[in-house]
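Chain by chain, the residues:
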Amino acid sequence: MSPRPAAKQSAPRLTADDWTKAALEAIARGGLAAVAVEPLAAGLGATKGSFYWHFANRDALIEAALQRWETHLTDGVIALVEAEPDPLARIRLLIGTVIENTARPRADSIELGMLATADHPHVAPVLARVTERRIAYTAGLFEALGLNSTEAHHRALFAVSAYLGHAQLTHAAPQTVPTDATHRRAYVDRLVEILTAP
């Protein structure tokens, strides 16, 4: 009696989350223009039918990807920082975390991809909301150190600007920024010292 052929393994069913992760990776590689259904499907080993099971169209995927970006790179960072009880340590943790994120090519490329398409009708409101939230949250950290609201807001602007500038430099001229963990820590320490000086 000949052995029965092995059962064909079916590919795992993709989730909406799989598609949004793939969309963010595409943004990191080539900006919003790189979010196209057929190449994403090919990269995931899926069909366009799988895409349309989860999303009505490309715009719906972009909106979901933007929501994922906001949740992971803003809400997630805030939740991490809020777990630290000391106000100065919170500022140090926030700045250290976001600067460390720029050392990960995918993370800073997504951020820069969003900024490069800031006038896109889907990106603009999300980017504005995220930026305002980041500045307001950071200002609250400085207020917790005893600064008045105007000064806290100014320092929050400095901090967010320093992060975005660092991300841009990491992408465009990586040799200009600290590349190893020891130098990044020293850089973060100095940045925190400047931002929190009396």
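Remember, predicted model here, so these are calculated numbers, not experimental data. (Residues numbered from 1 in each chain as written. Predicted model: local features only at pLDDT ≥ 70, side-chain atom pairs only at ≥ 80, totals over all residues. Heavy atoms only, no water.)

Trainee: Please clarify how the packing of aromatic side chains should be interpreted in this entry.
Mentor: Aromatic ring pairs are reported here in terms of the distance separating the ring centres and the angle at which the planes meet. Within this structure, the stated rule accounts for 3 aromatic pairs. Taken together, a centroid distance of 4.9 Å and an interplanar angle of 80° make the contact between F51 and Y52 edge-to-face. Members of the aromatic cluster, each reached through a chain of ring pairs, are W19, F51, Y52 and F55. (Phe/Tyr/Trp six-rings, centres within 6.5 Å; stacked < 30°, edge-to-face > 60°.)

Trainee: Hey, could you run me through the packing of helix α8 (residues 149-172) against helix α9 (residues 181-195) in this one?
Mentor: Working note: a packed helix pair is described by the angle between its axes plus the distance between those axes. Contact pair α8 / α9: the axes reach a minimum separation of 10 Å and the direction vectors enclose 155°. If you check the angle between α8 and α9, you find them roughly antiparallel. Of the two possible hands of crossing, α8 and α9 adopt the one that is right-handed. Contacts between α8 and α9 involve R155, F158, A159, A162 and H166 from the former and Y187, L191 and L195 from the latter. Looking at side-chain class alone, the contact of α8 with α9 contains 6 nonpolar, 1 polar and 1 charged residues. (Axes fitted to C-alpha atoms, helices over the stretch in contact; angles between N-to-C directions. Helix = DSSP H or I, 4+ residues; strand = E, 2+ residues; numbered from the N terminus. Parallel < 35°, antiparallel > 145°, perpendicular 65-115°, else oblique. Left-handed = near helix turned anticlockwise from the far one by under 90°. Contact = heavy atoms within 4.5 Å. Nonpolar A, V, L, I, M, F, W, Y, C, P; charged D, E, K, R; others polar.)

Trainee: When you look at the packing of helix α4 (residues 58-82) against helix α7 (residues 123-144) in this model, what are you seeing that I'm missing?
Mentor: Following both chains from N to C, one finds α4 and α7 inclined at 5°, their axes separated by 10 Å at the closest point. When the axes of α4 and α7 are compared, the pair comes out roughly parallel. Where α4 approaches α7, its residues L66, W69, E70, L73, T74, D75, I78, V81 and E82 are matched on the opposing element by V123, V126, L127, R129, V130, R133, R134, Y137 and L141. Classifying every residue of the contact of α4 with α7 gives 11 nonpolar, 1 polar and 6 charged.

Trainee: Could you clarify how one ought to interpret empty space enclosed by the protein in this entry?
Mentor: Where empty space is left becomes clear once a probe the size of a water molecule has been rolled over the atoms. Applying the stated criterion across every chain yields a total of 2 cavities of 30 Å³ or more. Considering only enclosed or pocket space, the largest cavity measures out at about 180 Å³ in volume. What lines the largest cavity is a set of 13 residues, among which L94, V98, R134, T138 and V160 lie closest to the centre. Broken down by secondary-structure element, the contributors of at least two residues to the lining of the largest cavity are α4, α5 (87-102), α7 and α8. Among the elements that line the lining of the largest cavity, the one with the most residues is α4, at 4 residues. Considering only residue class, the lining of the largest cavity consists of 10 nonpolar, 2 polar and 1 charged. (1 Å grid on protein atoms, 1.4 Å probe; cavity = no way out; pocket = protein on both sides within 12 Å on 5 of 7 lines; lining within 4 Å. Points joined across faces, edges and corners; volume = space filled by probe spheres on them.)

Trainee: Got a minute to help me understand helix α1 (residues 16-30) in this structure?
Mentor: Counted at 1.5 Å a residue, the expected span for α1 with its 15 residues is 21 Å, and the 21 Å between its end C-alpha atoms agrees. Looking only at α1, the buried set comprises W19, T20, A22, A23, L24, A26, I27 and A28. G31 sits one or two residues past α1 and shows a positive phi near 75°. (Expected span 1.5 Å × (residues − 1). Buried < 20%, exposed > 50% of the residue type's maximum accessible area, 1.4 Å probe, protein only.)

Trainee: Even after reading the chapter, I still don't get the pattern of salt bridges, so can you show me in this structure?
Mentor: Any two side chains of opposite charge can pair, on the condition that their charged atoms come close. This model, assessed by the stated rule, comprises 9 salt bridges. Two residues, E111 and R134, come together in a salt bridge whose shortest N-O distance is 2.7 Å. Taken together, the positions of E111 in helix α6 (residues 105-116) and R134 in helix α7 put the pair 23 residues apart, joining distant regions of the chain. In this pair, the class of E111 matches that of R134, namely buried. (Salt bridge = Lys/Arg side-chain N within 4 Å of Asp/Glu carboxyl O.)

Function cannot be read off these values alone, since they describe shape.
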